[in-house]
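# Tertiary structure, described
Take a look at the letters that make up each chain.
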Amino acid sequence: MRGSWTPFALLLLAGPLLACAGGGAPGAGTQRDADVITLAEIEATEAESAYQVVQQLRPRWMTRNRGARSFAASEADYTRVVVDDMPPREFDHLREIPRDALRELRLLSPREATLLYGTGYSAGIIKVTTKR
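Quantities reported herein were computed from a predicted structural model and do not represent experimental measurements. (Residues numbered from 1 in each chain as written. Predicted model: local features only at pLDDT ≥ 70, side-chain atom pairs only at ≥ 80, totals over all residues. Heavy atoms only, no water.)

Checked against the element boundaries, Glu 104 lands in strand β5 (residues 102-108). Measuring from C-alpha to C-alpha, the distance between Glu 104 and Val 36 comes to 7.2 Å, with 68 residues separating the pair along the chain. Setting aside chain neighbours within four positions, we find Glu 104 in contact with Val 36, Ile 37, Ile 42, Lys 127, Val 128 and Thr 129. (Helix = DSSP H or I, 4+ residues; strand = E, 2+ residues; numbered from the N terminus. Contact = heavy atoms within 4.5 Å.)

Structure below.
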């Protein structure tokens, strides 16, 4: 008798998960990723720079400040910017990148930033991919 309940229990548990996997209501638009700005989104803006693209499409990326890293540190740790896998730069570097040069912008979490670029990025990194 015990063996006959196992498939039934699995079906009960899996049912809600399978129902959620459908992707939402039929005809619903695609959901945007909060951590990625796509080429289509970039082209739909009237922004002139990567900074303005972020400002218009993902303003929360601009407010990622983790505060001072220690009592002795006087500077706050702000989100840094990596363009085409070059060394990380200051957030304001986004002002120098023309919108037409952009392919994608992706916000990396502090954990992802540490795995890819080492320590010291507790506010994360905006990874910029250009059309070059």
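Another point: the pairing of strand β6 (residues 125-130). Here four bridges tie strand β4 (residues 80-83) to β6, and the two strands are oriented parallel to one another. Considered in β6, the bridge of Val 83 is made with Val 128. In this sheet, β6 lies alongside β5 in antiparallel orientation, the contact comprising six bridges. What sits directly across from Leu 108, in β6, is Ile 125. (Pairing = 2+ DSSP bridges.)

Okay, the pattern of salt bridges next. The final tally for this structure, using the stated rule, is eight salt bridges. In this structure, Arg 58 engages Glu 41 in a salt bridge whose closest nitrogen and oxygen atoms are separated by 3.0 Å. Taken together, the residues span a long stretch of sequence, with Arg 58 in the loop between α3 (50-57) and β2 (65-68) and Glu 41 in helix α2 (residues 39-43) at a distance of 17 residues. Take Arg 58 and Glu 41: they sit in the same class, and that class is buried. Put simply, Asp 85 and Lys 127 hold a salt bridge, and the shortest N to O gap is 3.8 Å. In this pair, Asp 85 sits in the loop between β4 and β5 while Lys 127 sits in strand β6, placing the two residues 42 residues apart along the sequence. Its relative accessible area of 53% is what places Asp 85 among the exposed residues. Exposure remark for Lys 127: the relative accessible area of 24% places this residue in the partly exposed category. (Salt bridge = Lys/Arg side-chain N within 4 Å of Asp/Glu carboxyl O. Buried < 20%, exposed > 50% of the residue type's maximum accessible area, 1.4 Å probe, protein only.)

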